[in-house]
There are 2 protein chains.
Amino acid sequence: MHLFYQPGVDSVGSVAFLREDDSRHAIKTLRLGIGDKIDVTDGHGNRYLAVITSADARRCQFRIMDTQTTPPRPFSVRICVAPTKNLDRIEWFVEKAVEVGIERISFFFGQHSERRVLKLERLEKIAVAAMKQSLQSYLPQLDEAVPFSELIKTVDEEQRFIAHLPSMDLPDDNSPVNLAKVATPTGQYVVLIGPEGDFAEKEIQQAIAAGFQMVTLGTNRLRTETAALTACQLLNFLNV
Amino acid sequence: MHLFYQPGVDSVGSVAFLREDDSRHAIKTLRLGIGDKIDVTDGHGNRYLAVITSADARRCQFRIMDTQTTPPRPFSVRICVAPTKNLDRIEWFVEKAVEVGIERISFFFGQHSERRVLKLERLEKIAVAAMKQSLQSYLPQLDEAVPFSELIKTVDEEQRFIAHLPSMDLPDDNSPVNLAKVATPTGQYVVLIGPEGDFAEKEIQQAIAAGFQMVTLGTNRLRTETAALTACQLLNFLNV
C-alpha cells in the first residue's frame, strides 16, 4: 500500500491532486498510472481510497472512491524538547517519535541551550515522511521554538512531567520517581526534556510552580533526543 | 564525571593505561592532568575510581584508588536484528539501544535481507561510546551477523518473541498480540526483528518451531531499527 499526504481533500467522488513531490514519487518512482489505487491521508484522521485519473508527474490527479476516518488515540502525548546542538539528533527524534506515535512536539530554548535557532520546515517534511512510512492518518503538530517561560504558559495537559537527569549526588530516596511509576493510563501527557546542559534550577522551579512533577527516565544518563523518545515510548506502552 | 573504558583493569593500588583514543580525549579535549580524578569501567560491571599519574596524550597512566561493582540487571534483553540497507540506521539503533540499556545485540541475514555484509568494528566503537556517554558499567555483547537458521540455534533465552509487521489484511482477532501483553517481568528475553522486507514465511515457521511467539509492537508500521529499539525499550519499561 502506498500512502500519500494531501491536506484539505474533499469528499467521495471529487477529484484532487497530489503535491509535486508526491506526484513525482507516485509516477516516477513507483511507476503508478491511470487506474492504480492509492491511499491518501489528510493528516487529520481521514484516509481516502483513491484512483489515479491523470498520471502527471508534477500534478497527479486522483478521484476519491471511499473514505475512512480513524478516531484519535484515547490519550495524547506531547513532548517539549530543547533542540540539540547537532540538528541530526533532533531530526532523528522527530522521525522516530512520529513513527511510534505522538500528538505534538514543542520546541523551546532553555537557559542552557546551545542552539538558539530552529527552522521547522525540514522537521515538518520529516514528520510527513514518517507519518506516511508508518501508515498513520494523523500528522502530529510541531510548534515553533519559544523561550522556556513562554512554553510553560501554553501547557494545558493534565499530566505534566519534567524529566531530570539522574544524579549521582542524590541518595536514592531523594531521587525523583520513574515516569513509568507516576503517569496513569488514558491521560493527556506533557513531558519537558531539557537541553544538553540540563534545565537551570530556576526553570525547574518554574515548572514545579506550574504543576509539573519531576521524574526520571531510568538510571542511565540519556542524551536529549534519547530521553525525549524514551518518554514518548513509555507513555505509549502505558496505554497498550 | 568522565567515564573511560578499559577492559582488563587490575585491582586497587595498581596502575594502568587508557587506550590511545581515550588518552587523547582525556588530555587534549578535557585537558585533564596529573592528580585529576577519572572513572574507568572494564565493561563487565566494575567501576574504578582512579587518579591520573601521567598526562601522556597517547598513553595516559592512572592509579586505581577504589573499585565499585554494579550487579547486572535482574533481567536481560537480547535483540536479534537484520542489518538495514542503510548502515546509519543500524548504527543509530546500536547507539540508542546501548544508551537505554541492552545486554546483547545479534545480527542476522534473513531471506529478504538486502544487506549481506556487516562489519562489527564501527558498531563496537559506537557501543563503547554510548556506554560511556550513558555512564554504564556494562558493555553489551555484539554478535557477528550469521544466517537466520544459525542464529536460531544460538538462542537460550526463555522468553522468545518474533516481531511481525502489522498487517492490514488480518482481522483484529487474528492479529498477534502486543509484546507488552505477553512478556513477563524479570525474564531473559530475546526478540527477533526482521529486515525491511520482513521475515520470509519459512523463517517465521522456523522461529515458531523453536519456541518463539509472534508479537506486534503496535499498530504503526515501524522501520527495522525503530522496531528493534521499541522492543528493547518496552522490555526495559516492563522491568521498571
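Cut-offs used in this document
- Residues numbered from 1 in each chain as written.
- Chains lettered and ligands numbered in written order.
- Predicted model: local features only at pLDDT ≥ 70, side-chain atom pairs only at ≥ 80, totals over all residues.
- Heavy atoms only, no water.
- Pairing = 2+ DSSP bridges.
- Helix = DSSP H or I, 4+ residues; strand = E, 2+ residues; numbered from the N terminus.
- Domains from an automatic or database assignment.
- Contact = heavy atoms within 4.5 Å.
- Salt bridge = Lys/Arg side-chain N within 4 Å of Asp/Glu carboxyl O.
- Polar contact = N/O pair within 3.5 Å; in protein donor to acceptor, adjacent residues only side chain to side chain.
- Buried < 20%, exposed > 50% of the residue type's maximum accessible area, 1.4 Å probe, protein only.
- Axes fitted to C-alpha atoms, helices over the stretch in contact; angles between N-to-C directions.

Moving on to the pairing of strand 4 (residues 46-54) of chain A. Residue and element names in this part refer to chain A. Bridging between strand 3 (residues 37-41) and strand 4 involves five bridges; their strand directions are antiparallel. Bridge pairing in strand 4 links Asp39 to Leu49. Taking the residues between adjacent antiparallel strands as the criterion, strand 3 and strand 4 are bridged by four residues, where Gly43 takes a positive phi near 80°. Both strand 4 and strand 5 (residues 61-69) contribute to a ladder of eight bridges, which runs antiparallel. Paired with Arg47 across the bridge in strand 5 is Gln68.

Right, let's get into the domain arrangement of chain A. Residue and element names in this part refer to chain A. For chain A, the domain assignment lists domain 1 (3-69) and domain 2 (76-238). Placing the centre of domain 1 and that of domain 2 at their C-alpha centroids yields a distance of 34 Å. With twelve residues of domain 1 in contact, the opposing surface of domain 2 contributes eight residues. At the boundary of domain 1 with domain 2, the tally comes to one salt bridge. The partner of Asp22 in a salt bridge is Lys132, with the nearest N and O atoms 2.6 Å apart. On the surface where domain 1 and domain 2 come into contact, there are seven residue pairs in polar contact (both at pLDDT 80 or more).

Before going further, it helps to spend a moment on unusual backbone geometry. With a phi angle near 65°, Asp198(A) is a residue other than glycine that sits in the positive phi range. Note that Asp198(A) resides in the loop between strand 11 (188-193) and helix 6 (201-209). Its relative accessible area of 12% is what places Asp198(A) among the buried residues. You will see that Leu135(B), though not glycine, has its phi angle at about 60°, which is positive. Topologically, Leu135(B) is positioned in the loop between helix 3 (120-133) and strand 8 (141-147).

The next point concerns the sheet that holds strand 2 (residues 15-17) of chain B. All names here are of chain B. On the basis of which strands lie adjacent, the open sheet formed by five strands has the order 1-3-4-5-2 and mixed pairing. Either end of the sheet is taken by a strand with one partner, and the two such strands are strand 1 (3-5) and strand 2. Each strand axis lies, on average, 45° off the axis of its neighbour in the sheet, ignoring direction. This element, helix 3, spans strand 1 and strand 3 (37-41) of the sheet and lies at about 150° to strand 1.

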